[in-house]
Amino acid sequence: LYPRRINFVAAAYFFQGKLLGRLLRFMGVIPKLQFVPDIGSIKAIMGAVRSGRAVGLFPEGQVATYGRSDEFFPSGIGKLLKNLGVPVVLCHADGGALVKPKWGKRKRRCPLDMTVSNLLSAEQVKQYSAAQLDGILREALFYDDAAYALAHNRRPKGKARAEGLENA
């Protein structure tokens with residue numbers, strides 16, 4: 001993003017393709033092995049922050065099949081934030097599972113809502129413990145697209161909306 005560069009963190013398997021891998025490296029995307037501690041990605045994240053760049057993380061690292069936050073939330077994000085001592089900006093998207101459910105074969109037409117907010121200042125990050133930061137992030141990142149759809153009267157439109165539902 002211009003003018004402030006963001007180094008996003010993405011699953012290492014995206015880097016396996018020759019063309020996509022080159023493009024991601026060119027864009028400054030940081031590869032991360034999923035579901036295991038990855039010291040290389042932590043060093044790259046710390047290097048990006050020391051260079052004055054922002055880092056984009058997706059702590060769950062996956063899209064839930066049923067459009068709701070998963071019970072799995074990696075501990076350790078709070079410890080990383082504590083070590084970095086940087087402010088945390090939250091980008092929260094609602095309605096993604098309504099437009100393209102993971103099991104669906106087609107996209108549907110439905111509005112998405114994106115909210116960006118300053119979640120924590122650098123001072124707040126320093127005052128909370130790593131476990132408290134994990135809890136704050138878990139709560140702030142929670143999403144439930146079915147509840148969102150009911151509360152905001154969102155109804156996806158499109159053809160064959162149930163196509164692929166047997167794959168859920």
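This text goes with the structure placed above it.
About the criteria used
Per chain, residues are indexed from 1 in the order of the written sequence. In keeping with the model being predicted, local features are shown solely for residues with a pLDDT of at least 70 and side-chain atom pairs are shown and tallied solely at 80 or more, while totals for entire chains, interfaces and linings include all residues. To obtain the side-chain values, all non-hydrogen atoms of the structure were included, while hydrogens and water were left out. We count a stretch as a helix when DSSP gives it H or I for four or more residues in a row; a strand needs E for two or more, and each element gets its number in order from the N terminus. Whether two residues touch is decided by their heavy atoms; if any such pair falls within 4.5 Å, the residues are in contact. Paired strands, in this sense, are two strands between which DSSP finds at least two bridges. Salt bridges are identified by distance alone: a Lys or Arg side-chain nitrogen within 4 Å of an Asp or Glu carboxyl oxygen. Each residue is assigned to one of three classes by its accessible area relative to the maximum for its type, calculated with a 1.4 Å probe on protein chains only: buried under 20%, partly exposed between the two thresholds, exposed over 50%. Each nonpolar core is a collection of buried residues, namely Ala, Val, Leu, Ile, Met, Phe, Trp, Tyr and Cys, held together in the definition by side-chain atoms within 4.5 Å. Helix axes use the C-alpha atoms of the stretch in contact, all axes being lines fitted to C-alpha atoms, and the angles between their N-to-C directions lie in the range 0 to 180 degrees. Note: crossing handedness is left-handed where the near helix turns anticlockwise from the far helix by less than a right angle, and right-handed where it turns clockwise. All residues other than Ala, Val, Leu, Ile, Met, Phe, Trp, Tyr, Cys, Pro, Asp, Glu, Lys and Arg, Gly among them, are scored as polar; the first ten of these are nonpolar and the last four charged.

*Asks:* What is the right way to read the environment of Val88 from this model?
*Replies:* If you trace the backbone, Val88 turns up in strand β4 (residues 88–94). Taking C-alpha positions, Val88 is 6.4 Å from Ser121, a pair spaced 33 residues apart along the chain. Non-local contacts of Val88, meaning those with residues more than four positions away in its chain, are made with Leu81, Ser117, Asn118, Leu119, Leu120, Val125 and Leu137.

*Asks:* Would you mind showing me how to read the pairing of strand β1 (residues 6–11) here?
*Replies:* Here is the key point about a regular strand: its side chains alternate between the two faces of the sheet. Pairing between β1 and strand β3 (residues 54–56): 3 bridges, direction parallel. The residue of β3 that forms the bridge with Asn7 is Val55. Pairing of β1 with strand β2 (residues 30–32) involves 3 bridges; the strand directions are parallel. Along β2, the bridge assignment pairs Ala10 with Pro31.

*Asks:* Explanation requested: the pattern of salt bridges in the structure shown.
*Replies:* If the charged atoms of two oppositely charged side chains come close together, the side chains can form a pair. Counted by the stated rule, this structure contains 2 salt bridges. Notably, a salt bridge pairs Glu163 with Arg106, separated by 2.7 Å at the nearest N-O pair. Of the two residues, Glu163 sits in the segment after α7 (145–151) while Arg106 sits in the loop between α4 (96–99) and β5 (113–120), which places them 57 residues apart along the sequence. A salt bridge links Arg154 to Asp113; its shortest N-O distance comes to 3.1 Å. A residue pair is termed long-range when its members are at least 10 positions apart, and Arg154 in the segment after α7 and Asp113 in strand β5 qualify at 41 residues. On the basis of relative accessibility, which here comes to 26%, the residue Asp113 falls in the partly exposed class.

*Asks:* Sorry if this is basic, but what is going on with the nonpolar core here?
*Replies:* Most often, soluble globular proteins have nonpolar side chains that are buried together. Counting 7 residues, the largest nonpolar core is built from Ile77, Leu81, Val88, Leu120, Val125, Leu133 and Leu137. For this core, the secondary structure elements donating two or more residues are α3 (77–84) and α6 (130–141).

*Asks:* Mind showing me how you'd approach the packing of helix α2 (residues 39–50) against α3 here?
*Replies:* If you want to describe how two helices pack, look at the angle between their axes and the distance between the axes. Look at α2 against α3: their axes get within 11 Å of each other, and the N-to-C directions meet at 35 degrees. The two elements α2 and α3 cross, and the hand of that crossing is right-handed. Contacts between α2 and α3 involve Ile42, Ile45, Met46 and Val49 on the former and, on the latter, Leu80, Asn83 and Leu84. Split by residue class, the contact of α2 with α3 holds 6 nonpolar, 1 polar and no charged.

*Asks:* I keep staring at unusual backbone geometry and nothing clicks. Help me out?
*Replies:* Excluding glycine, most residues fall at negative phi; most peptide bonds, likewise, are trans. Phi angles above zero are rare outside glycine, and Asn153 is one such case at about 50 degrees. Here Asn153 shows up in the segment after α7.

*Asks:* Any chance you could explain the packing of α3 against α6 here in plain terms?
*Replies:* At their nearest, the axes of α3 and α6 sit 7 Å apart, and the two run at 115 degrees to each other. Seen from above, α3 lies across α6 with right-handed handedness. Two secondary-structure elements touch here, α3 through Ile77, Gly78, Lys79, Leu81 and Lys82 and α6 through Ala130, Leu133, Asp134 and Leu137. Of the residues that constitute the contact of α3 with α6, the class distribution is 5 nonpolar, 1 polar and 3 charged.

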